[in-house]
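Residues per chain, in single letters:
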Amino acid sequence: MMISEIVIVRHPVSVCVPVNHKVTLSVRAEGTGILNYQWFTDDQEVLGGTEADLTIKAKKTQLYVCRVNDHFCNWAFSEWVKVKVLDIDKSGLPENWLGEPHIADNPKPQSIRQGTKLTLRCAAFGIPSPHYQWYRNGQPLPNKTGGILQIERARAEHCGSYLCSVSNVLQETWTEAVDVDIVQIDQNPKAAPTATDKVALLIGNLNYSNHPPLMAPIMDVHELANLLQQLGFRVVSLLDLTREEMLAAIDKFIQLLDRGVYGLFYYAGHGYERVGRNYLVAVDAPQPYRPENCVCVQRVMLRMQEKQTALSVVLLDTCRKWYNQDCITSGIMPLGPSGNTVYGYATCEDAEAYEVQDGGKSTGIFTKYLNKHILQTEKVTHVLEKVSEDLGRDPLVKGKQQVEIKHTLKEPRSLADPVCTTGHTRELHKREVCWRHANELPPKKQLMFVCGVEVEVSFSALFSNVLVAFATVKTKGPRTEDLTLTLRSIPPMEDIFSSAGRSQEMESLLFNGADNPDGTIQLCGLQRLTKTLVIKVELHYTNMKSKRRQTESRQVDIGRPLVASCKLYTRNHAATAKKQGVPSAQSMGAVGSSKLELHQTPTRPCRPFTRKAECAAKVAVPRTNEPEENDENEL
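Residues numbered from 1 in each chain as written. Predicted model: local features only at pLDDT ≥ 70, side-chain atom pairs only at ≥ 80, totals over all residues. Heavy atoms only, no water.

Draft legend 1. Just the environment of Gly-33, in detail. With respect to the secondary-structure elements, Gly-33 resides in the loop between β4 (28-30) and β5 (36-41). The class for Gly-33 is exposed, based on a relative accessible area of 58%. (Helix = DSSP H or I, 4+ residues; strand = E, 2+ residues; numbered from the N terminus. Buried < 20%, exposed > 50% of the residue type's maximum accessible area, 1.4 Å probe, protein only.)

Here you go:
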């Protein structure tokens, strides 16, 4: 009996492999006469993919599907499969690996405070893609079948020994068992200092226009923000700011401070030291730069103290190499006698700070150890001393980098001190409104397409100026199949995560559950958004009646999300008008005649990379008594 239609008898399977691993996807079909094959990825034909077997060298995570047709106008599509690529350590992978599950990243022991989020991670290669099942104290945990295990509010019963079973049709293997300790919160603390509120501003600069790019600030800022939130801080975290945007963000941060508040300012990126002052290099700083192209740290601390904060902390994961040493080093104008100020420097004077890339994760060495200890309830200077001790023992930077701590603490203040709002509710309400504007997410949106498909669009904030939109098909239409979603923004927003080496780190932040959305888009640089943001959702599907691919689109206006509502760009306009024709930092960068040779991203694990902002040429500065633009004497 002749087969009149094409029947796919074996579909391809999803896989999870290391970068550059050779993968073969296979489809088997039966039909009349000679069958033709065409493979697709993300709705694009795969060049040369015209056989039943498709062999590729996996570079990044992608979706694949195969179309089978004959000479009688019959055709059928295979199931979509994902080739997931993990850019992590594969050193233990057998040379003749056949696809059995291979665990590349084991979960780590955890010690967290009661009521905070517990997160355990496991990553494994496998062909087909491995299945995960988490266990606690030998018992399987229901619905915990993803590579990441999360418990939003951990309680005492969540402590114990955890491990994960990883399996596919070839084999089952197990991770190492790790202990999770839930730290009980003391219900009757001794007469410890309290804060009327806690506010933190975190800035990470990595994509420089005229200086070597960095990798670590993404994960450093994200992880530190999560830890500070566990300590009760209102956190605003921002990536890749120009000088005017940094100053505008600092202005907003200072407005949130008041008497009795704990204020914390953290910066990761390029920096330097000049005549006794520390400067933070903005992403638009030219080559060569001057202090007026950067932000003075001591000026930030002075403004924090003027607000009579109960604790002012500045943490700098940046270099302190001296720039223009011909100038006479001057002392910093003494800050008032209010006390309770803390500087935590990643390195000492005229030295560099380093970041490393190890096992697919980039981190600043100072922030690595800071995050290790920051949840402790000890005096903040004692926490920094532990950071200094750990960093001093690290063989990667021994003799190159050493933490420096300066403080005027007169009370045993800790970042974990409780918040007591009695007598400060009015000021607290004002800060709550202002902080909420910078962190409020758009509500979920339900979109109904003409073909009957219903799509839900939801949102998540990785940083206060980075929004992620997720689109998920909730209801399929009665005559649709092979649905895919594409998201675009109007106006188009840059994606700083799309470069090589960063996609895997971001995937660990984006997809933290067992189910992945059908479409995503990362929207970065929201501080530059001058009008409302529109998300365009394009639905691609096959009409079951006509067998043709069709596309429909819907748009949803989400306003000015997150920090875009703060209108930081208004300070840029005011500054431009004030300068009246003076070249901007970006335009000044085009004047330099020397060409900057960028540092290459480290490819070997644990190779330190400096955060020094190099200057191509020294700029002669006359020795006068006139204050510089960033000199706190002008205050």
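Draft legend 2. Main features of the pattern of salt bridges. Counted under the stated rule, the structure contains 19 salt bridges. With a closest N to O distance of 2.7 Å, Arg-413 and Glu-411 form a salt bridge. Of the residues examined, Glu-411 reaches a relative accessible area of 29% and is grouped as partly exposed. One network of salt bridges, with partners in common, ties together Glu-273, Arg-320, Glu-404 and Lys-406. (Salt bridge = Lys/Arg side-chain N within 4 Å of Asp/Glu carboxyl O.)

Draft legend 3. The sheet that holds strand β22 (residues 234-239), seen in detail. Spatial ordering of the open sheet is given by β22-β21-β23-β27-β28-β31, a layout of six strands whose pairing is mixed. Strands with a single pairing partner mark the edges of an open sheet, and in this sheet they are β22 and β31 (404-407). Each strand axis lies, on average, 10 degrees off the axis of its neighbour in the sheet, ignoring direction. Strand direction decides the pairing type here: strand β21 (residues 197-204) and β22, joined by six bridges, are parallel. When the bridges of β22 are listed, Leu-202 appears paired with Ser-237. Contacting β21, β22 and β23 (261-268), helix α2 (residues 243-255) runs over the sheet at an angle of about 175 degrees to β21. Sheet strands in contact with helix α4 (residues 365-373) are β23, β27 (311-317) and β28 (341-345), and its direction is about 140 degrees off that of β27. (Pairing = 2+ DSSP bridges. Axes fitted to C-alpha atoms, helices over the stretch in contact; angles between N-to-C directions. Contact = heavy atoms within 4.5 Å.)

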